[in-house]
Amino acid sequence: MAAPAYTPLEDRPLKDTICLFDVDGTLTPARLDASPEILDLLQALRKKCSIGFVGGSDLIKQEEQLGKPAGVPVTTLFDYCFAENGLTAYKLGEALPSNSFIKWIGEDKYKELANFVLHYVADLDIPVKRGTFIEFRNGMVNISPVGRNASTKERNEFEAYDKEAKVREKFVAVLKEKFGNLGLTFSIGGQISFDVFPTGWDKTYCLNHLENEAKKPNGIAYKNIHFFGDKTFKGGNDYEIFSDERTIGHTVKGPEETIQILKELFDL
Ligand code: M1P
């Protein structure tokens, strides 16, 4: 596919409508590539309204899952690209202001948090420890008592141990007590770790960019913001944006259902 041509946003028939899509499980099967069918449908939709994706992982991942199968950069496929929930953002191929965990928290407070975490891990008596107890990411830190270098077997064993010993729950309770005033969210999502990020830096973060757009001269104030996601249940990472009063939420079981709903809603 050549980089798709597009009509200026303000000239589209539904110019105050935007469709935002989660990536994994919504535009693509989990961790896999987008199909030619959904890529074509998105370009047909783009003729009618604005389109964007909002993914939790970084742009490299979305490039692999969306851009590579289309054979063009992902930033040419969507009007808005929101990687890491919008901490990295593009509008019509141009970068919008970015943000990061370290910018937000500052070096001094981060050092205090990291030092405390490493001391706490050092004092933990758990069956196995490996390496990388703090993984520093752009939008968050990920903390793991066993360490992110754990093998698959060690992961499974830690997960089973943690169900009984509640290592992560207790760790999070202590951190909330000590650093609760910083406005951080602690989220136990996976097997061996928990994520720490500023409260509100979920997928609703990307809506800030749309609000900023509306304030620009000739900027569009989107009246209808459709959001499509598969993890829209409480505790799922689509929940906050799905239930936000600024969006019209759609729950899908996978890309096939996204296609079906888009065809019905937008007469495609
Ligand atoms: O997607 C859920 C979590 O998956 C991983 O967690 P773990 O390594 O503990 O299984 C991490 O990528 C984590 O950040 C993420 O929230």
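Treat the numbers as computed from the prediction; the structure is a model and nothing was measured.

Is there a simple way to think about the site of the ligand in this case?
As a structural note, the neighbourhood of the ligand is formed by Arg137, Asn142, Arg148, Arg155, Gly190, Gln191, Ile192, Ser193 and Asp195. At 2.7 Å from an oxygen atom of the ligand is found a side-chain nitrogen or oxygen belonging to Arg137. Side-chain polar atom of Ser193 to an oxygen atom of the ligand: 2.6 Å apart, as the coordinates give it. Of the residues in the shell around the ligand, the class split is one nonpolar, four polar and four charged.

Looking at this model, I keep getting lost on the UniProt feature "binding site: Mg(2+) 2" (unreviewed entry) in the chain. Mind explaining?
UniProt marks Asp230 with the feature "binding site: Mg(2+) 2" (unreviewed entry), using the numbering shown here. Secondary-structure assignment places Asp230 in the loop between strand 10 (224-229) and helix 8 (239-243). With residues up to four places along the chain from it excluded, the contact list for Asp230 reads Asp22, Asp24, Gly25, Thr26, Asp238 and Val252.

How should I be thinking about the UniProt feature "binding site: Mg(2+) 1" (unreviewed entry) in the chain in this particular structure?
In the numbering used here, UniProt assigns the "binding site: Mg(2+) 1" (unreviewed entry) feature to Asp22, Asp24, Phe242, Asp244 and Thr247. The residue Asp22 is located in the loop between strand 1 (17-21) and helix 1 (36-46) in this model. Since its relative accessible area comes to 5%, Asp22 is described here as buried. For Asp22, the residues in contact, after removing those within four places along its chain, are Leu27, Val54, Lys203, Phe227, Phe228, Gly229, Asp230 and Asp238. Its location among the elements puts Asp24 in the loop between strand 1 and helix 1. Not counting residues up to four positions away in its chain, the partners in contact with Asp24 are Pro29, Ala30, Arg31, Leu32, Gln65, Asp230 and Lys231. A distance of 2.5 Å separates a polar side-chain atom of Asp24 from the backbone nitrogen of Arg31.

What is the right way to read the packing of aromatic side chains from this model?
Here a ring pair, both rings aromatic, is described through the centre-centre distance and the interplanar angle of the planes. Counted under the stated rule, the structure contains 13 aromatic pairs. For the pair Phe53 and Phe78, a centre-to-centre distance of 5.2 Å together with 85° between the ring planes defines the contact as edge-to-face. In this pair, Phe53 sits in strand 2 (residues 50-54) while Phe78 sits in the loop between helix 2 (59-70) and strand 3 (80-83), placing the two residues 25 residues apart along the sequence. For Phe53, a relative accessible area of 0% corresponds to the buried category. Judged by its relative accessible area of 1%, Phe78 is buried. Joined through ring pairs, the aromatic side chains of Phe101, Trp104, Tyr110, Phe136, Trp201 and Tyr205 make up one cluster. When the ring centre of Phe179 is taken as reference, the NZ or CZ atom of Lys178 above it lies at 5.7 Å.

What is the right way to look at the nonpolar core in this model?
Nonpolar side chains in soluble globular proteins tend to be buried together. The biggest cluster of nonpolar side chains holds 29 residues, and the ones touching the most others in it are Leu113 and Leu175. Looking at this core, the elements with two or more residues in it are helix 3 (101-105), helix 4 (107-123), strand 7 (141-143), helix 5 (152-165), helix 6 (167-179), strand 8 (184-187) and strand 9 (194-198). Setting aside residues up to four positions removed in sequence, Leu175 forms contacts with Leu113, Phe116, Val117, Ile143, Gly180, Phe186 and Phe194.

Just checking my understanding: could you explain the sheet that holds strand 9 for this structure?
Pairing between the strands of a sheet comes from backbone hydrogen bonds, and it takes one of two forms, parallel or antiparallel. Pairing is antiparallel across the open sheet formed by four strands, whose spatial order is 6-7-9-8. Every interior strand has two partners, whereas the edge strands, strand 6 (134-136) and strand 8, have only one. With direction set aside, neighbouring strand axes in the sheet form an average angle of 20°. Lying on the sheet, helix 4 is in contact with strand 6 and strand 7; it crosses strand 6 at an angle near 155°.

Help me understand the sheet that holds strand 4 (residues 88-91) in this model?
Spatially, seven strands are ordered 5-4-3-2-1-10-11 in an open sheet, and the strand pairing comes out mixed. Pairing within the sheet leaves two strands with one partner each, and these edge strands are strand 5 (94-96) and strand 11 (248-251). On average, each strand axis in the sheet is inclined to that of its neighbour by 20°, with strand direction left out of account. Two elements, strand 3 and strand 4, share four bridges in a ladder whose sense is antiparallel. Residue Phe82 lies in a different strand from strand 4, and its bridge partner there is Ala89. Its contacts with the sheet put helix 2 on strand 2, strand 3 and strand 4, and the angle it makes with strand 2 is roughly 120°.

Procedures and definitions
- Residues numbered from 1 in each chain as written.
- Predicted model: local features only at pLDDT ≥ 70, side-chain atom pairs only at ≥ 80, totals over all residues.
- Heavy atoms only, no water.
- Near = heavy atom within 4 Å.
- Polar contact = N/O pair within 3.5 Å; in protein donor to acceptor, adjacent residues only side chain to side chain.
- Nonpolar A, V, L, I, M, F, W, Y, C, P; charged D, E, K, R; others polar.
- UniProt positions renumbered as here; feature names shortened; annotations may be inferred.
- Helix = DSSP H or I, 4+ residues; strand = E, 2+ residues; numbered from the N terminus.
- Contact = heavy atoms within 4.5 Å.
- Buried < 20%, exposed > 50% of the residue type's maximum accessible area, 1.4 Å probe, protein only.
- Phe/Tyr/Trp six-rings, centres within 6.5 Å; stacked < 30°, edge-to-face > 60°.
- Lys NZ or Arg CZ within 6 Å of the ring centre and 35° of its normal.
- Core = buried A, V, L, I, M, F, W, Y, C linked by side-chain atoms within 4.5 Å.
- Pairing = 2+ DSSP bridges.
- Axes fitted to C-alpha atoms, helices over the stretch in contact; angles between N-to-C directions.

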